[in-house]
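One-letter residues, chain by chain:
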Amino acid sequence: WPLVGGAEPPDEAGTLDVLLLDARDVVPDGLDAAALRVKTLATERRARVRGGEVGVEASEDVRAALWQRGVAPYVDFVVRPAAGAAPPPGVASWARATAAASRSVAGALGATRRGNGEPVLLPWDAEAAPALHALRETLPPGLTPLADVAVACEPVAPSGAASCAAEVFLHPVTLEAVALVRPLVPVAAVRAEPGVLAVTVQPLAGPPRQVSDADVERRAGSARVTLPATEAPFVLRLSGWAGEGGRFLAGLDVVDEKTLTVDEVIARHQAAAARQRHLVTRVIAHGSSVLAFQAPGLAAPVTVTADTVLFTGPDGTEIEQRRIRLNGAELVSVGADGVPRLPIVEPERADRAPLTIALDEAYRYRLGGRERVDGRDAYVVHFEPRDEGRRLFRGRAWIDARQFAMRRVDAAQTALRGAIVSSEQRDEFVPVALRGETVWLLGRSEVNQVYEGAGHRTPIQRVMTLARHEVDPADYDARLRAAHGSSSVMLRETPEGLRYLRKPPAREAGGERVVAPGRASSVRTLAMGAIVDPNISAPLPFAGLSYLDFDFLGTGAQVNAFFAAAFVQAAAAVPSLGGTRVQLHASAFATLAEYNDRAFRAGLEQYPENLRQRPARLSLALVRPLSARWRARVGYELDYTRLRRSDLTAPQFAVPASPLVHALRLSLEGQRGPWTFGAWWAPARRASWRAWGFAEDADVAREQAGFQRFGLSGARTMVVSPRVLLRLEAAAMAGTDLDRFSRFSFDAFENRLRGYPSAGLRFDRGLVVRSAGTWNVASGVRLDVFADTAFARDPGFGPRLRRYPGVGAGLEAPLPWRVLAAAEWGYGFEGRDREGGRGTHVFRVTAYKVF
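The residue count restarts for each chain, going from 1 along the sequence in the order it is written. In keeping with the predicted nature of the model, local features appear solely for residues at pLDDT of at least 70, side-chain atom pairs appear and are counted solely at 80 or more, and the whole-chain, interface and lining totals rest on all residues. Water and hydrogen atoms were dropped before computing side-chain values, which therefore reflect all heavy atoms in the structure.

### Thoughts on the side chain of Glu-264
Here is the rule we go by: Helical segments are the DSSP runs of H or I of at least four residues, strand segments are the runs of E of at least two, and each set is numbered from the N terminus. Whenever a nitrogen or oxygen atom comes within 3.5 Å of another N or O atom, the pair is scored as a polar contact, on the condition that within protein one atom can donate a hydrogen and the other can accept it, and that pairs from neighbouring residues in sequence are kept only if both atoms are in side chains.
Assignment of secondary structure puts Glu-264 in helix 5 (residues 262-279). Here Thr-261 takes part through its backbone nitrogen, which lies 2.9 Å from a polar atom of the side chain of Glu-264.

Following this line, the structure appears as structure tokens:
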């Protein structure tokens, strides 16, 4: 079939085993397009005909150029040029038949192989195609000449010349004698020596015909078969030519498989994928989805769950979400148009998926051996971008070693420039029986991302599990229309990403949904509550409004602000500076309420040294991705803490200057699947500092203005089921030249230790492990449990590391008007209350509404 100017091969070509692609007219400027067309046609060919062969005929220069463009794994043979150039290694060579041998199918059957065993190429003959197809089992590969059987013809009219040409072969499977007979004159009978038990006649046009015993005259050592007078070529299958005992077939099974290259594995996978696309046109998949992330100020991860139905058809994929729950409660506000007031946060679309046929080679591939996946062998194919600056993927794919279907893929997206700075996806496919065959459909998809938002960096985990698949249901269109007309939330996969589908106005009932213009870009949260903390003299009430905008004033910048009576927080982020991969982040935080800074020695609180404090902080940072999983951050931080005397501070105690601290913060952040990691170093210096404390206290470092702090952290969120979620995180911190006012401390916002008061511990090195579990025990009710522990050295409690365990629990339940109420309690076993007693309780009650 011509590559230049040719349409798709005709339908009747799909019934044959061999397709030849003619590249003799390809010019140098069309080599890229020709290579793409060879790959595409060969893939579609193998998708339709299992075991079918694809060949290419071209000049040696064009053939070599196509091979440089990765065509070789898609081709089974080449047609050897007339000039006799040697074929490329590892590929079969065919020769073009002479004009005399190609005048008819009969002539072709008489010259199917040259003396050197090289196949002979025949011209396309649409009329002969069905006959050649029917002869596939009669004339299989492996026929060998059979000298023990002779076949001759009897003409209708006696003639002195030869009446036919006949060649006899041994069938490699049935051990029958197969005779290719080409009459030279009309013939009425054939003779076979030695005798035979049964005869089948296979015309070149029409079905095979078993010859009745009445038409077979058996004699000693021969048999005569009467035929209707014919001069058309035909094939005879002669059974029992070796007598009653016959011959025995010695079978040899080759159990070692051919070693495939990575390009051959990919070509076979592409054919398997194309075949599945032909078999499966529509799928309705049923399951559930879970979105989990850590929100600022909340103790346990936030979860958004939904019953999910995927409609995948010729027009793309649409997603129906039913029973959307926020932390187990119906709190997600959905308008009359069916669009929820929640933004869709996702990374930029990749330029191209791996393992697909494309004009340019965007990926490099490497074969990583074979592994067992659910009891079956699979090839492991590694892929990475050729150009690190493009939005592509880096990862691995597991391809079934027998069916070449995709079993699993694990990939990280590269060159991200938006708020999602890291995105890894792991898809697993499950077998589904379909009309006697097996197709592989998506069964589970887990996406782990890192969102670098305004003032907050949080991992996001998305898990979608599809438990049931309906392939090509007859009522697919009707059920999709019913989903459009329901109260469910509908989304559609578009080239720009996921988009909500908006319902038509009520007066247009029955109309289809359309893609909602624009995207929801802001979230508002009204929060109020109270904190009971031993370090705060009275319960601290707070109430405020949080505003998060993902596209502030259409600039692409993000803004996050929270205003409350107790504190204020604001942040902004520019996901891409000047179109580069560098991000700018700014944040500010100030506590409007004062709380105690307590002093301890040998575990005893020193009331004369206690102070009142009110901190504030400002930071600026640049973030630059280093790879698909790692990024670097360079930031400047300005801290200010207002210190003053408390009612119990001794008159002789000199209050230090309220410190203004300049710090440089360098950090390296990474992700590996559901794990996130971080390492940081922050050298700092106070702008002004003076002697403080009691004059006779020689242990106080009075003039230490500079210090350093550094640490490591890691965290993981695990979606056990749509109702159960676990989170584990750990952080190690240490520093040099730290004093009472530069040491680390626990607080109620960023560095929490369950049950311990804010600033109740001041440590210079320590390890903190936090764990949280959530369980939706009933509709709308969620139980949270916490278990934390810290190993820290607080000089006020001694010179060695001490263990500080804490536990807690929380209950969340919905209130009217889609308000969620959360009550949390924590108990610190080693915490010290205001009277110096051991064991502290911290309570927090919050009510918030998202709109």
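Alright, that's what it looks like, and here's the rest.
### A closer look at the state of the cysteines
Which entries qualify depends on this criterion: The rule for a disulfide is simple: a pair of cysteine sulfur atoms within 2.5 Å. Accessible area is worked out with a 1.4 Å probe on protein chains only. A residue is then buried under 20% of its type maximum, exposed over 50%, and partly exposed in between.
One pass over the full model with this rule turns up one disulfide. Between the sulfur atoms of Cys-153 and its disulfide mate Cys-164 the distance is 2.1 Å. Residues Cys-153 and Cys-164 are joined by a disulfide whose S-S torsion is about 95°; by sign, that bridge is right-handed. Residue Cys-153 is found in strand 7 (residues 150-155), and its partner Cys-164 is found in strand 8 (residues 164-170); the two are separated by 11 residues along the sequence. Like Cys-153, the residue Cys-164 is buried in the burial classification.

### A few points about helix 5
Spelled out, the test is: The span one expects for a helix is its residue count, reduced by one, times 1.5 Å. Whether two residues are in contact is decided by their heavy atoms: any pair within 4.5 Å suffices.
With 18 residues, helix 5 should reach 26 Å at 1.5 Å per residue; the first-to-last C-alpha distance of 26 Å fits that figure. Within helix 5, burial applies to Val-262, Glu-264, Val-265, Ile-266, Ala-267, His-269, Gln-270, Ala-271, Ala-272, Ala-274, Arg-275 and Gln-276. Those residues of helix 5 that are buried are in contact with helix 1 (31-48), strand 19 (363-373), strand 20 (376-385), strand 21 (393-400), strand 22 (406-413) and strand 24 (437-453).

### Some thoughts on the pattern of salt bridges
Condition: Salt bridges are counted wherever a side-chain nitrogen of Lys or Arg sits within 4 Å of a carboxyl oxygen of Asp or Glu.
Scanning the entire structure with this criterion turns up 54 salt bridges. Between Glu-44 and Arg-277 there is a salt bridge whose closest N-O contact spans 3.9 Å. Note that Glu-44 is positioned in helix 1 and Arg-277 in helix 5, a separation of 233 residues in sequence. Salt-bridge contacts for Arg-631 lead to Glu-669; the nearest nitrogen and oxygen are separated by 3.6 Å. Of this pair, Arg-631 sits in strand 38 (residues 630-645) while Glu-669 sits in strand 39 (residues 660-672); the two residues are 38 residues apart in sequence, bridging distant segments of the chain.

### Topic: the pairing of strand 29 (residues 522-532)
Consecutive residues of a regular strand have side chains that alternate between opposite faces of the sheet. Short version of the rule: At least two DSSP bridges between two strands are required for those strands to pair.
Taken together, the 10 bridges between strand 29 and strand 30 (residues 540-549) define a ladder with antiparallel strand orientation. Bridge pairing in strand 30 places Gly-529 opposite Phe-542. When strand 29 meets strand 49 (residues 838-850), the two strands line up antiparallel, connected through eight bridges. Bridge pairing in strand 49 links Ala-530 to Val-845.

### Thoughts on the packing of helix 1 against helix 2 (residues 60-68)
How two helices sit against one another is set out by the angle between their axes and by the gap between those axes. Our working rule: For helices, the axis comes from a line fit to the C-alpha atoms of the stretch in contact; other axes are also lines fit to C-alpha atoms, and the angle between any two N-to-C directions lies between 0 and 180 degrees. For classification, angles of less than 35 degrees are called roughly parallel, those exceeding 145 degrees roughly antiparallel, those between 65 and 115 degrees roughly perpendicular, and all remaining angles oblique. Crossings are assigned a handedness: left-handed for a near helix turned anticlockwise from the far helix by less than a right angle, right-handed for a clockwise turn. Each residue is assigned to one of three groups, with Ala, Val, Leu, Ile, Met, Phe, Trp, Tyr, Cys and Pro labelled nonpolar, Asp, Glu, Lys and Arg labelled charged, and all others, Gly among them, labelled polar.
It is at 10 Å that the axes of helix 1 and helix 2 come closest, and there the two elements cross at 70°. Judged by the inter-axis angle, helix 1 sits roughly perpendicular to helix 2. Helix 1 and helix 2 meet at a crossing whose hand is right-handed. Together, Leu-31, Ala-34 and Ala-35 of helix 1 and Val-62, Ala-65 and Leu-66 of helix 2 make up the contact between the two elements. Its residues assigned to classes, the contact of helix 1 with helix 2 shows six nonpolar, no polar and no charged.

### A short note on the packing of helix 1 against helix 5
Where helix 1 contacts helix 5, the axes come no closer than 7 Å and their chain directions differ by 60°. If you check the angle between helix 1 and helix 5, you find them oblique. By crossing handedness, the relation of helix 1 to helix 5 is classed as right-handed. Along its contact with helix 1, which presents Thr-43, Glu-44, Arg-46, Ala-47 and Arg-48, the element helix 5 presents Gln-270, Ala-271, Ala-274, Arg-275, Arg-277 and His-278.

### A short note on the sheet that holds strand 11 (residues 198-203)
Pairing within the open sheet is antiparallel, and its six strands lie in the order 6-8-9-15-11-12. Among the strands making up the open sheet, the edge pair consists of strand 6 (144-145) and strand 12 (209-210).

### Considering the confidence of the model for the chain
Applicable threshold: The predictor rates its confidence in each residue with pLDDT, a number between 0 and 100.
The predicted model of the chain averages 83 in pLDDT, with 87% of residues at 70 or higher. The least confident element of the chain is helix 3 (residues 105-109), whose mean pLDDT is 42; the most confident is strand 21, at 95. Within the model, pLDDT remains below 50 along residues 98-117, and this stretch shows 29 contacts once partners closer than five positions in the same chain are excluded.

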